[in-house]
Amino acid sequence: MCTLLLAAAFLTPCAIHAQTATALHQIQSDLQQALTGNWTGVLEYRDYSEPATSTKRVQLPTWLTIKPTGSSQTWHYLYDDGPNKLVEETDTLSFDPSASTYTYTESDNGKPSHTYRVTGYTDLHTGRGQLILTGNGTDNGKPSETRITLTIRRNLLTILEETRPAGSSDPFAFRHSFCFTRATPPATQLSVQ
């Protein structure tokens, strides 16, 4: 799976909260500019149908279209989930510069929104950089802490989601990841479910 490392240092959470409102609004603007467009790639996820000790992973070809919607972004996913079957998902991501948080809402299924704190980033003004988000949620039906790392290059986007049990000091473990390159949306005769 794609793994990218950037040479730039991350800001600590204290440094993030000390940023001016102008700098935080710049992050929002830079992200919209860097992410807007069509992407194609692969979703790789941990197979929870296997025993907890298993490291088995599943991969699905995936298309992603990101569009700005005011101060938010709409992320529309299309997954190739087997012969003649495509699955759609539409999510909304909203950045609150004053709180230094991102709120993620799965628009299609009525699940509650999740809010993540911005805990690290590099300069995204050049269309390259990294954004790290942390927050609480569930993993396989159990309370968890989640860390999401978005790595952005001009034509490459990787998203790594890692989890650990809530309140634990265990290392974060792989949950799923996406690796995308810029592309055009798929032209298909398949039915979307």
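It should be emphasised that the depicted structure is a prediction, and the values quoted were computed from it without experimental measurement.

Reading the values: the criteria
Residues numbered from 1 in each chain as written. Predicted model: local features only at pLDDT ≥ 70, side-chain atom pairs only at ≥ 80, totals over all residues. Heavy atoms only, no water. Helix = DSSP H or I, 4+ residues; strand = E, 2+ residues; numbered from the N terminus. Buried < 20%, exposed > 50% of the residue type's maximum accessible area, 1.4 Å probe, protein only. Contact = heavy atoms within 4.5 Å. Areas by Shrake-Rupley, 256 points an atom, 1.4 Å probe, with all protein chains shown as cover. Pairing = 2+ DSSP bridges. Axes fitted to C-alpha atoms, helices over the stretch in contact; angles between N-to-C directions. Salt bridge = Lys/Arg side-chain N within 4 Å of Asp/Glu carboxyl O. Core = buried A, V, L, I, M, F, W, Y, C linked by side-chain atoms within 4.5 Å.

How do you make sense of the overall build of the protein chain when you look at a structure like this?
Summing up its helical and strand segments, the protein chain has two helices and 10 strands in all. Counting helices and strands in the order they occur from the N terminus, the protein chain gives α-α-β-β-β-β-β-β-β-β-β-β. Taken across its 193 residues, the protein chain has 41% of its residues classed as buried. For the protein chain, contacts bridging at least 24 residues in sequence account for 43% of all contacts bridging at least 6. With the model as given, the accessible surface of the protein chain reaches about 10300 Å², and the carbon-plus-sulfur share is 54%.

I'm lost on the sheet that holds strand 8 (residues 142–153) in this one. Help?
What links the strands of a sheet is backbone hydrogen bonding, and the strands pair in either a parallel or an antiparallel sense. In space, the 10 strands of this closed barrel follow the order 1-2-3-4-5-6-7-8-9-10, with antiparallel pairing throughout. Taken pair by pair, the neighbouring strands of this sheet meet at an average axis angle of 25 degrees, ignoring direction.

When you look at the side chain of Ser-72 in this model, what are you seeing that I'm missing?
Relative to the elements of secondary structure, Ser-72 occurs in strand 3 (residues 72–80). With residues up to four places along the chain from it excluded, the contact list for Ser-72 reads Gln-32, Lys-67, Thr-92, Leu-93 and Ser-94.

Explain the pattern of salt bridges here, please?
Any two side chains of opposite charge can pair, given that their charged atoms come close. For the coordinates displayed, the defined rule picks out six salt bridges. Between Arg-57 and Glu-44 there is a salt bridge, with the nearest N and O atoms lying 4.0 Å from each other. Placement of the pair is Arg-57 in strand 2 (residues 57–69) and Glu-44 in strand 1 (residues 37–46), with a sequence separation of 13 residues. On the basis of relative accessibility, which here comes to 9%, the residue Glu-44 falls in the buried class. Between Asp-47 and Lys-56 there is a salt bridge, with the nearest N and O atoms lying 3.7 Å from each other. A relative accessible area of 13% places Asp-47 in the buried class.

Would you mind going over the environment of Gln-59 with me for this structure?
Among the structural elements, Gln-59 can be located in strand 2. On the accessibility criterion, Gln-59 (48% relative accessible area) is partly exposed. A C-alpha to C-alpha distance of 9.6 Å links Gln-59 and His-176, two positions 117 residues apart in sequence.

Please explain the nonpolar core as it appears in this structure.
A general feature of soluble globular proteins is that nonpolar side chains tend to end up buried together. Judged by nonpolar contacts, the single largest core of 28 residues is most densely connected at Trp-75 and Leu-157. The greatest single-element share of this core, amounting to four residues, is contributed by helix 2 (residues 21–35). For Trp-75, the contacting residues outside a window of four places in its chain are Leu-35, Leu-64, Thr-65, Ile-66, Glu-89, Thr-90, Asp-91, Leu-93, Leu-150 and Ile-159.

Just checking my understanding: could you explain unusual backbone geometry for this structure?
In this structure, Ser-100 takes a positive phi of about 55 degrees despite not being glycine. Assignment of secondary structure puts Ser-100 in the loop between strand 4 (86–96) and strand 5 (101–106). The backbone of Asn-140 sits at a positive phi, close to 55 degrees, despite the residue not being glycine. Take Asn-140: it is sitting in the loop between strand 7 (129–139) and strand 8.

Could you clarify how one ought to interpret the pairing of strand 10 (residues 173–182) in this entry?
For a regular strand, side-chain orientation follows a simple rule: the groups alternate between the two sheet faces. Bridge analysis of strand 1 against strand 10 gives seven bridges, and the strand direction is antiparallel. Bridge pairing in strand 10 places Leu-43 opposite Phe-178. Here strand 9 (residues 156–165) pairs with strand 10 via eight bridges, running antiparallel. The residue bridging Leu-156 from the neighbouring strand is Thr-181, located in strand 10.

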